[in-house]
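# Structural description and commentary
One letter stands for each residue in the lines below.
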Amino acid sequence: MKTKFPFSASVFLLTATVLLLPSCQVKYDTVTFQSAGSMPAVATPIPDIDIDTNVTAGMFGGAVKSHKPYDIQSGTFHDALDFAEFTKVIVTYADGTVDPGSAALKLPMRVAHRIYESPNSMAGGAVVVTKSRLIQAEFPRAVSRDESFTLEMEGSFTKDDGTVIPFKIKEKYNISRDKRSESWADFVSGC
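Below: a short report on this structure.

Parameters at a glance
Residues numbered from 1 in each chain as written. Predicted model: local features only at pLDDT ≥ 70, side-chain atom pairs only at ≥ 80, totals over all residues. Heavy atoms only, no water. Helix = DSSP H or I, 4+ residues; strand = E, 2+ residues; numbered from the N terminus. Buried < 20%, exposed > 50% of the residue type's maximum accessible area, 1.4 Å probe, protein only. Contact = heavy atoms within 4.5 Å. Areas by Shrake-Rupley, 256 points an atom, 1.4 Å probe, with all protein chains shown as cover. Phe/Tyr/Trp six-rings, centres within 6.5 Å; stacked < 30°, edge-to-face > 60°. Lys NZ or Arg CZ within 6 Å of the ring centre and 35° of its normal. Salt bridge = Lys/Arg side-chain N within 4 Å of Asp/Glu carboxyl O. Pairing = 2+ DSSP bridges. Axes fitted to C-alpha atoms, helices over the stretch in contact; angles between N-to-C directions.

A separate point is the overall build of the chain. Summing up its helical and strand segments, the chain has three helices and 12 strands in all. In the chain, buried positions account for 29% of the 191 residues. Relative to all contacts within the chain whose residues are 6 or more apart in sequence, the contacts with residues 24 or more apart total 70%. Accessible surface, the chain as shown: approximately 12,100 Å² in total, 57% of it carbon and sulfur.

If you want it as structure tokens, here you go:
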């Protein structure tokens, strides 16, 4: 028995999706922490810091949202460093309160380097892989409030030859919020 409609169910679903998705809205409710100043130039290595706000995104509309508590991530590229030891990681808010997440971190924490490979395409189709040492640490759940804070971090790097290089960071982080809506099509085109 033949059907009256020559369209298959998949064609119908595809057409409906193309017509409906552009009208779906994506709502943002995210925070971003940015350093309030620039770190002064130093001759010795110091960790690069990032605050991971655990952003998730819904499919086909929905919410793009930050989820507390947030993680502090540290990364250092240096080919002579063997490991890092973090002895102090404290988050202090403007009212003087120390974040309980940072106070609960198990320190000191020792982190060994790992080899990071970075492929680059060259002229003629050749691929060159550059290998670097990366010391990467994460301090989970160390920031629990959507407020500006000061981060104090101390520790040391140890080189292959046993040389110890101490570091000390005291940096203020300001917060910015994103509470907007856009169409799903605009969201996808921005990816």
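Applying the stated criterion to the full structure yields eight aromatic pairs. The interplanar angle of 75° and the centroid separation of 6.4 Å between the aromatic rings of Y93 and F149 together place this pair among those described as edge-to-face. Here Y93 is found in strand β6 (residues 81-93), whereas its partner F149 is found in strand β10 (residues 149-159), with 56 residues between them in sequence. Residue class for Y93 comes out buried when judged on its relative accessible area of 3%. Judged by centre distance (4.9 Å) and plane angle (40°), the ring pair of F157 and F167 falls under tilted. You can see F157 sitting in strand β10 and its partner F167 sitting in strand β11 (residues 164-178), a full 10 residues away along the chain. Summarising the burial analysis for this pair, F157 and F167 share the class buried. For the cation-ring pair, R145 lies above Y93, with the distance from its terminal atom to the ring centre recorded as 4.1 Å. One cation-aromatic arrangement involves R180 over Y28; the distance from NZ or CZ to the ring centre is 3.9 Å.

Before going further, it helps to spend a moment on the pattern of salt bridges. All told, the structure shown has 11 salt bridges when counted by the stated rule. In this structure, the salt-bridge partner of D29 is K179, at a minimum N-O distance of 3.2 Å. With a gap of 150 residues between them, D29 in strand β1 (residues 25-35) and K179 in the loop between β11 and β12 (181-183) connect regions that are remote in the sequence. Of the residues examined, D29 reaches a relative accessible area of 29% and is grouped as partly exposed. The class of K179 is exposed, set by a relative accessible area of 62%. One network of salt bridges, with partners in common, ties together K88, E152, E154 and K168.

Let us now look at unusual backbone geometry. Here K68 and P69 are connected by a cis peptide whose omega angle stands at -5°. Turning to its location among the elements, P69 is positioned in the loop between β4 (62-65) and β5 (70-77). The amide bond that connects L107 to the next residue, P108, takes the cis arrangement and shows omega of 0°. In this structure, P108 sits in the loop between α2 (100-103) and β7 (109-112). Within the chain, N54 stands out as a residue other than glycine whose phi angle is a positive 50°. Looking at where N54 falls in the secondary structure, it is placed in the loop between β2 (48-52) and β3 (56-57). With relative accessibility at 21%, the residue N54 sits in the partly exposed group. Backbone geometry places R141, a non-glycine residue, at a positive phi of 60°. The residue R141 is located in strand β9 (residues 127-143) in this model.

Read across the open sheet, the four strands follow the order β2-β5-β9-β8; overall the sheet is antiparallel. Two strands lie at the open edges of the sheet, namely β2 and β8 (114-121), each paired on one side alone. Mean inter-strand twist for the sheet, computed between neighbouring axes without regard to direction, equals 35°.

Counting buried positions along β5 yields six of eight residues, so the element is predominantly enclosed. The pairing of β2 with β5 spans five bridges and is classified as antiparallel. Its bridge partner being in β5, D50 is matched across the sheet by Q73.

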